[in-house]
Amino acid sequence: MNNRLLIAATEHGSGHGGVLIVLLVIALVAGLVYLVRRRRRLDAEPPERRVAGNKRPTTHTRKTAEATALPTVHRRPSPALTSTQPLPRNPVVTATSLTKRYGEVHAVDDLTFALEAGTVTGFLGPNGAGKTTTLRLLLGLAEPSAGEALVFGRRYQELEQPARRVGAVLESNDFHPGRSGRDHLRALALAAEIPPSRVDEVLEVVELAADAERRVKTYSLGMRQRLGLAGALLGDPALLILDEPANGLDPAGVHWLRTFLRGFSAAGGTVLVASHVLAEVAQTVDRILIIDGGRLLATARLDQLTGDGRTLEDVYLELTGEVA
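Owing to the predicted nature of the structure, the values given are computational and were not obtained by experimental measurement.

Moving on, we get to the confidence of the model for the protein. Keep in mind that low pLDDT regions are not for reading the predicted coordinates in detail. Taken over all residues, the pLDDT of the protein has a mean of 81, while the share at 70 or more is 72%. Within the protein, helix 3 (residues 59-68) has the poorest average pLDDT of any element, 37, and strand 3 (residues 120-124) the best, 98. Counting interchain partners and residues more than four positions distant, the pLDDT-below-50 stretch residues 1-15 has eight contacts. Counting contacts from residues 44-84, a segment whose pLDDT is below 50, to residues more than four positions away or on other chains yields 35 contacts.

Moving on: the packing of helix 5 (residues 181-191) against helix 7 (residues 221-233). The N-to-C vectors of helix 5 and helix 7 enclose an angle of 25°; their axes lie 10 Å apart at closest approach. The orientation of helix 5 relative to helix 7 falls into the category roughly parallel. Considering only the axes of helix 5 and helix 7, their crossing is right-handed. Counting all contacts with helix 5, which are made through Gly181, His184, Leu185 and Leu188, the residues of helix 7 involved are Leu227, Ala230 and Gly231. Taken together, the residues that form the contact of helix 5 with helix 7 break down as four nonpolar, three polar and no charged.

Taken in spatial order, the six strands make up an open sheet running 5-6-7-3-8-9, and their pairing is mixed. The open sheet has two free edges, formed respectively by strand 5 (166-169) and strand 9 (295-301), since each of these has just one partner strand. Each neighbouring strand pair of the sheet contributes to a mean axis angle of 15°, computed without reference to strand direction. When strand 8 (residues 287-292) meets strand 9, the two strands line up antiparallel, connected through six bridges. Looking across to strand 9, one finds that Leu289 is bridged to Thr299. Lying over the sheet, helix 7 contacts strand 5 and strand 6 (239-243), oriented at roughly 165° with respect to strand 5.

A few words now on the sheet that holds strand 2 (residues 105-115). Sheet strands pair by backbone hydrogen bonding; their relative direction is either parallel or antiparallel. Here we have three strands laid out as an open sheet, ordered 2-1-4, and antiparallel in their pairing. Single-partner strands in this sheet number two, and they are strand 2 and strand 4 (146-151). For this sheet, the mean inter-axis angle between neighbouring strands, taken without regard to orientation, is 20°. Here helix 4 (residues 131-138) sits on the sheet in contact with strand 1 (93-102), strand 2 and strand 4, set at roughly 60° to strand 2.

Let us look at the pairing of strand 6. Along strand 6, five of the five residues are buried, which leaves the element largely enclosed by surrounding structure. Residues of strand 6 alternate between two faces, with Leu239, Ile241 and Asp243 on one and Leu240 and Leu242 on the opposite face, all of them buried. As defined by bridge partners, strand 6 adjoins strand 7 (residues 270-274) across five bridges and the pair is classed as parallel. If you follow Asp243 over to strand 7, its bridge partner there is Ala274. Tracing the backbone out of strand 6, into helix 8 (residues 251-266) and back to the parallel element strand 7 gives a crossover that is right-handed.

Moving on: the packing of aromatic side chains. Applying the stated criterion across every chain, the model contains three aromatic pairs. Seen from their ring centres, Phe113 and Phe123 are 6.4 Å apart, and the 40° between their planes marks the pair as tilted. Of this pair, Phe113 sits in strand 2 while Phe123 sits in strand 3; the two residues are ten residues apart in sequence, bridging distant segments of the chain. Of the two residues examined, Phe113 and Phe123, each falls in the buried class. Between Phe260 and Phe264, the ring centres sit 6.1 Å apart and the planes meet at 35°, which makes this aromatic pair tilted. With Phe260 and Phe264 both in helix 8 and four residues apart, the pair spans about one turn of that helix. Side by side, Phe260 and Phe264 carry an identical accessibility label, which is buried. Among the aromatic residues, those joined into a ring-pair cluster are Trp256, Phe260 and Phe264. The cationic tip of Arg165 hangs over the ring face of Phe152; the distance from NZ or CZ to the ring centre is 4.1 Å.

Reading guide: rules and limits
- Residues numbered from 1 in each chain as written.
- Predicted model: local features only at pLDDT ≥ 70, side-chain atom pairs only at ≥ 80, totals over all residues.
- Heavy atoms only, no water.
- pLDDT = per-residue confidence, 0-100.
- Helix = DSSP H or I, 4+ residues; strand = E, 2+ residues; numbered from the N terminus.
- Contact = heavy atoms within 4.5 Å.
- Axes fitted to C-alpha atoms, helices over the stretch in contact; angles between N-to-C directions.
- Parallel < 35°, antiparallel > 145°, perpendicular 65-115°, else oblique.
- Left-handed = near helix turned anticlockwise from the far one by under 90°.
- Nonpolar A, V, L, I, M, F, W, Y, C, P; charged D, E, K, R; others polar.
- Pairing = 2+ DSSP bridges.
- Buried < 20%, exposed > 50% of the residue type's maximum accessible area, 1.4 Å probe, protein only.
- Right-handed = clockwise from strand over helix to strand, strands pointing away.
- Phe/Tyr/Trp six-rings, centres within 6.5 Å; stacked < 30°, edge-to-face > 60°.
- Lys NZ or Arg CZ within 6 Å of the ring centre and 35° of its normal.

Laid out in structure tokens, this is it:
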């Protein structure tokens, strides 16, 4: 209708110029009113119904939005703890409500435990349970999202000469392949301000003295595991944190490792060892710590968990829900 009025006004000549201007103003105001009302309707709609350009979503845009939306994370509730013993008075390691999030993923979720001196604790859980992340938090290699991780009552980064308090092995391939085993240890000793004489001592301890001049790239996986342990022992620490130390060891090497860890704890040392080899863990450790989905499932003495004829494997499979 507005177009017809404009044409009629034009046909009546310039004498009707005033009318034409009025009509143009009316058309402009009507357009503005329409836009304002439309904007108000859009603002009243819930956000999920809006799409780019303030257009209502078509079938195609709805499907695209669903495909690109972040998945909902469902976290399994933690079962009751197998043991509710009080924490030791002077723990070597303490984790209190320790939490690490990567976006929507809870790698470690409200984890609390403590380790006392003179014990070997087996750290168990399925792949992706959060074991390695927990070890990294203890060693200051990652920052917690909440809670705290302490060794000897302090954060790892706050320890003076931490290599003399804590020895750790998280990777079995963290070596320069062209260096000899002895040169690798010398470099570590120099960086940690440890006397070079300690290098030959730890090579004897891990039974690598005869192969110390060989390049690391010629070492077997088991030999690299021993070399990693030698590096952890350089500072004569009171705490060892080990991730799968038996991986790659032959039966004689596994027996040697078991004997060494028991002797280390008998002398007052503390060991936290993550492993999947349940049969070997059952022969080595005093205490068990089991997690899954980043959450604590059990912490107790081994003999408490394996009473009534149950094996460690039975308990582990029951707690983690991995029974076939």
